[in-house]
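Each chain, written out:
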Amino acid sequence: MERNLLVIGATGKTGRHTTELLLQHGHHVRALVRGLDGRAERLAALGADVVEGDVLDLDSLAEAAKGIDALYFTYPIRPGLMDATANVAQAAEENGVQAIVNMSQVSARRHTASNAARQHWVAERVLDHAPVPVTHLRPTFFAQWLIDTWADGTGELRLPFADGRHAPIAESDQAKVIAAILEDPAPHAGQIYPLYGAEELDHYEIAEKMSHALDRKVTYVPIELDEFAAILRGRGAPDHLIQHLLAVAVDYRNGVFAGTNDLVKTIGGSDPLDVETFIAQNRAAFDLPTTI
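Residues numbered from 1 in each chain as written. Predicted model: local features only at pLDDT ≥ 70, side-chain atom pairs only at ≥ 80, totals over all residues. Heavy atoms only, no water.

By the naming in an unreviewed UniProt entry, the protein chain is NmrA family NAD(P)-binding protein, taken from Streptomyces sp. 900105755.

*Asks:* Can you help me understand unusual backbone geometry in this one?
*Replies:* Trans peptide bonds make up most of the peptide bonds, and negative phi angles are found at most residues other than glycine. One non-glycine residue, Ala-162, lies in positive phi territory at about 50°. One can find Ala-162 in the loop between strand E7 (156-159) and strand E8 (165-166). For Ala-162, a relative accessible area of 31% corresponds to the partly exposed category. A positive phi is found at Asp-215, a non-glycine position, where the angle reads about 55°. Relative to the elements of secondary structure, Asp-215 occurs in the loop between helix H8 (203-214) and strand E11 (219-222). Of the residues examined, Asp-215 reaches a relative accessible area of 62% and is grouped as exposed. (Helix = DSSP H or I, 4+ residues; strand = E, 2+ residues; numbered from the N terminus. Buried < 20%, exposed > 50% of the residue type's maximum accessible area, 1.4 Å probe, protein only.)

*Asks:* I would appreciate a short explanation of the pairing of strand E6 (residues 134-139) in the present structure.
*Replies:* As a general feature of sheets, a regular strand has side chains that alternate between the two faces. Of all six residues making up E6, six are buried, and the element is well covered by its neighbours. The alternating pattern of E6 places Val-134, His-136 and Arg-138 on one face and Thr-135, Leu-137 and Pro-139 on the opposite face, and all of these are buried. Assessed by its sense of winding, the connection that carries the chain from strand E5 (residues 99-103) through helix H5 (residues 115-128) to E6 is right-handed. The pairing of E6 with strand E9 (residues 192-195) spans four bridges and is parallel. Each bridged residue has a counterpart across the sheet, and for Pro-139 the counterpart in E9 is Leu-195. (Right-handed = clockwise from strand over helix to strand, strands pointing away. Pairing = 2+ DSSP bridges.)

*Asks:* Sorry if this is basic, but what is going on with the sheet that holds E5 here?
*Replies:* What the seven strands build is an open sheet, ordered E3-E2-E1-E4-E5-E6-E9; its pairing is parallel. Taken across any chain shown, the strands that pair with only one partner, and hence form the sheet edges, are strand E3 (49-52) and E9. Strand-to-strand twist in this sheet, taken as the mean axis angle between neighbours without regard to direction, amounts to 20°. Here strand E1 (residues 4-8) runs beside strand E2 (residues 28-33); their pairing, made up of five bridges, is parallel. From the neighbouring strand, Ile-8 faces E2, where its bridge partner is Leu-32. (Axes fitted to C-alpha atoms, helices over the stretch in contact; angles between N-to-C directions.)

*Asks:* What is the right way to read the packing of aromatic side chains from this model?
*Replies:* For any two aromatic rings, the description comes down to two numbers: the centre-to-centre distance and the angle of the planes. In this structure the tally under the stated criterion is nine aromatic pairs. Pairing Phe-141 with Tyr-252 gives two aromatic rings, centres 5.9 Å apart and planes at 35°, and the pair type is tilted. On the criterion of sequence distance, the pair formed by Phe-141 in the loop between E6 and helix H6 (145-148) and Tyr-252 in helix H10 (residues 239-253) is long-range, its members being 111 residues apart. The class of Phe-141 is buried, set by a relative accessible area of 9%. Between Tyr-204 and Tyr-220 the ring centres are 4.9 Å apart and the planes differ by 75°, which places this aromatic pair in the edge-to-face class. Linking Tyr-204 in helix H8 with Tyr-220 in strand E11, this pair joins segments that are 16 residues apart in sequence. Cluster of aromatic residues (ring-pair linked, three or more members): Phe-141, Trp-145, Phe-161, Tyr-252 and Phe-257. Against the face of Tyr-75 rests Arg-78, its NZ or CZ located 5.5 Å from the ring centre. One residue, Arg-125, lies across the ring of Trp-121, its end atom 5.1 Å from the ring centre. (Phe/Tyr/Trp six-rings, centres within 6.5 Å; stacked < 30°, edge-to-face > 60°. Lys NZ or Arg CZ within 6 Å of the ring centre and 35° of its normal.)

In structure tokens, the structure reads:
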């Protein structure tokens, strides 16, 4: 059944894949974007109803939510999440939206050193109290993280994760889960779903798989938090993001990001990508500058 669906942050990491997948499934998709750039134009060419607006601007968000059956909400690691969440709850309520899929994170909890992770936990509770059924997604580190933190030309992963483990999850696999819930939200109302990729690995094992996929030696070099902070500052990362990443690095060492389950397959319909396949599919990205 064709549905009217809103994707907030439609040009972002999970938003783009979700928009494309929903369009392939024959739905009417309204894509909320902050600017009409090339990424937005590509979505429009695929058939999305691209509208310019800002989740921090209630009026533009409420306008985008008119006639919408269900929406996907994601917000980057930057200040403003609580305002954005309140706006989503209000816009959904006043427009009769029937379901919200909310992108949170695996480290979201009340007592955490990360300001962003704690805000995600509070944002979940805000949406829980809204009169619109909500499903929260808590993914572990994205596989995209391996691209974003790639050290150009050195072949090194310099990260403060010691021998901690996680199962990197591709954005495309998350999109399959998001799309499936938007298409049939009722069975998932009120649920919190941790999402994981195909295999739980430490970064020594990740580096080995990257070496195979890239046909070059990749080495994991565990570093301390102060060096990581310096790397992030050197790449121009804002303070809010740096504070979050330093805190979750400790969480990672303590096993918060570890785990596996079959939710990508049982909800999204197919097995998630393994690390080596993801790297091979995105090989060209490892020739580009780092983004964090």
